[in-house]
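# Geometric and topological summary
Spelled out from the first residue to the last, the chains are:
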Amino acid sequence: MRTTVGIIGAGPAGLLLARLLLGAGIDSVVLESRDRAYVEHRQRAGILEQGTVDVLRAAGAGERMDREGLPHDGIELRYDRKRHRVDFPALTGGRSVMVYAQTEVCKDLIALQSKEGGPLLFEAEALAVEGADTTAPRVRFRHDGVEDVLECDYVVGCDGFWGVARRAIPEDLVRVFERTYPFGWLGILADVAPSHDELVYARHDRGFALLSMRSPSVSRLYLQVPEGTEADSWSDDEIWAELERRFETADDWRLERGPITQKSVTPMRSYVHEPMRHGRLFLAGDAAHIVPPTGAKGLNLAIGDVVTFARALTHERRTGSPALLDAYSETCLRRVWQAERFSYDMTTLLHRAPGATPFEDRLQLARLERIAASRAAETDLAEAYTGFPFG
């Protein structure tokens, strides 16, 4: 099998890349180790930055998102029983975000790829990327129990942290930067209408809490818990009681309870792999970088990576110049490190570290008061949350 761009991974980044390349007249093949049902139902991110929304619309993948997604013009910060709303459009020249689950993005892109795009092979396990530093890289993979080879001009690894793409870069060329956090998020899905019409980020002496949603009738909520916590160690009543404590305000706001349909624990980690390119192998998304979910950046960073690659390859095809492809890693990493900085800032602003001192508690409150009182500080948060420019 032969193609111009071999794409490993059919998450939103790999699927969008195939769509962008199709629009530029460049053929591709997408290899996905899981089956279609798994890809269309795995719960992941739900916040799309303005740039991500714009790219999906331009790629013809925005119709259902615009019909069913939930546009959000701000978030609410809670601390010391106070409430402060950050108005995104007023601070960013009109930018906002969209609540639309990654599962839905994948469904939309899979439908388009199946109807209009090139080969999309499910249950096709990539085994290795070979010849990354040559002009003819290839991906060895197994499909329907048979090993095969995908010969390419370029390979893009959108296969996550545990995928094979990153392993094809020689260790002596790699620098890794990482930080693990001593807490995680206990997340729930609940069949109850969201108790607020925008996301609520709460800093509390007992730990962080987040009120989010998946639809007008399904709430998504999170609690900061110690690292290593098992989801089933919390009963439903304990979860709701703790959420009520951490979201408490001085007014009459109330948290609505409902049946919990899913529980899971998400670990917290920051990770960057440099470089993001080796020869004709390009890394995108979690294959190259991971952020704690506090800043809602993971999916959006992956989208930025593949937009950067598609633009660079299109430029090379039109002009003959490889300059943008050569600059891929540097270009992506500028945006990645800004997102890492923002995600770290949000995490340390809102989570209470084990053994935190009263001094550190007061510093957190002072930082939150600064955001509430300073338009400049508030604007910095709003600009980062709604998204850094692609490229």
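Within any chain, residue numbers begin from 1 and follow the written order of that chain's sequence. With pLDDT at 70 or above as the cut-off, local features in this predicted model cover only qualifying residues; side-chain atom pairs require 80 or more to be listed or tallied, and sums for whole chains, interfaces and linings still use all residues. Only hydrogens and water are removed before side-chain values are computed, so all heavy atoms of the structure are retained for them.

Identification of the protein chain as 4-hydroxybenzoate 3-monooxygenase from Streptomyces chartreusis is taken from an unreviewed UniProt entry.

## Focus: helix α1 (residues 12–23)
Helix and strand labels come from DSSP, where a helix needs a run of H or I of at least four residues and a strand needs a run of E of at least two; each type is numbered from the N terminus. Expected helix span is given by 1.5 Å per residue-to-residue step, counting one fewer step than there are residues. When the terminal C-alpha atoms of α1 are compared, their 16 Å separation across 12 residues agrees well with the 16 Å that a helix rising 1.5 Å per residue should span. Of all 12 residues in α1, 9 are buried, a share of seventy percent or more. For the exposure calls, accessible area comes from a 1.4 Å probe over protein chains only, and a residue counts as buried if that area is under 20% of its type's maximum, exposed if over 50%, partly exposed in between. Restricting attention to buried positions, one finds in α1 the residues Pro-12, Ala-13, Gly-14, Leu-15, Leu-16, Leu-17, Ala-18, Arg-19 and Leu-21. At the C-terminal side of α1, Gly-25 shows a positive phi close to 75°.

## Digging into the nonpolar core
Counting residues in hydrophobic clusters, the biggest one holds 74 residues, and the most contacted among them are Val-5, Leu-48, Leu-281 and Phe-309. Here the element with the most residues in this core is helix α8 (residues 298–319); it accounts for 10 residues. Definition used in this section: a nonpolar core is a set of buried Ala, Val, Leu, Ile, Met, Phe, Trp, Tyr and Cys residues joined via side-chain atoms within 4.5 Å.

## Some remarks on the environment of Phe-141
Assignment of secondary structure puts Phe-141 in strand β10 (residues 138–143). In this structure Phe-141 touches Leu-31, Leu-121, Ala-124, Glu-125, Ala-126, Leu-127, Val-146, Glu-147, Asp-148, Val-149 and Leu-150, once residues within four positions along its chain are discounted. For this analysis, residues touch if any pair of their heavy atoms sits within 4.5 Å.

## Concerning unusual backbone geometry
Pro-275 follows Glu-274 through a cis peptide bond whose omega is 0°. In this fold, Pro-275 is placed in the loop between β17 (260–274) and β18 (277–278). Backbone geometry at Arg-81 places phi at a positive 65°, although glycine is not the residue there. Examined against the element boundaries, Arg-81 turns out to sit in the loop between β5 (74–79) and β6 (82–87). A positive phi angle is found at Asp-144, which is not glycine, with a value near 55°. Residue placement: Asp-144 occurs in the loop between β10 and β11 (146–151).

## Considerations on the domain arrangement of the protein chain
An automatic or database domain assignment supplies the start and end points of every domain. For the protein chain, the domain assignment lists domain 1 (5–71 + 98–178 + 269–346) and domain 2 (181–268 + 352–386). Placing the centre of domain 1 and that of domain 2 at their C-alpha centroids yields a distance of 29 Å. Between domain 1 and domain 2, the residue contacts involve 24 residues of the former and 18 residues of the latter. The term buried area refers to how much accessible surface (probe radius 1.4 Å) is lost by two components on association, counted for both of them together. Summed over both partners, the interface of domain 1 with domain 2 buries about 1700 Å², with 63% contributed by carbon and sulfur atoms. If you sort the residues of domain 1 by the area they bury against domain 2, Gln-43, Pro-293 and Thr-294 come out on top, with a joint share of 26%. Here a salt bridge means any side-chain nitrogen of Lys or Arg lying within 4 Å of a carboxyl oxygen belonging to Asp or Glu. The tally of links from domain 1 across to domain 2 stands at 1 salt bridge. Any pair of nitrogen or oxygen atoms within 3.5 Å is treated as a polar contact; in protein, a donor-acceptor pairing is required on top of that, and neighbouring residues in sequence qualify only through side-chain atoms on both sides. Summed over the shared surface of domain 1 and domain 2, the result is 5 residue pairs in polar contact (both at pLDDT 80 or more). When contributions to the side of domain 1 that touches domain 2 are tallied by element, the ones reaching two or more residues are α3 (50–58), β17 and α10 (328–350). The biggest single contributor to the side of domain 1 that touches domain 2 is α10, with 5 residues. For this classification, the nonpolar set comprises Ala, Val, Leu, Ile, Met, Phe, Trp, Tyr, Cys and Pro, the charged set comprises Asp, Glu, Lys and Arg, and every other residue, Gly included, is treated as polar. Residue composition of the side of domain 1 that touches domain 2, grouped by class: 11 nonpolar, 7 polar and 6 charged.

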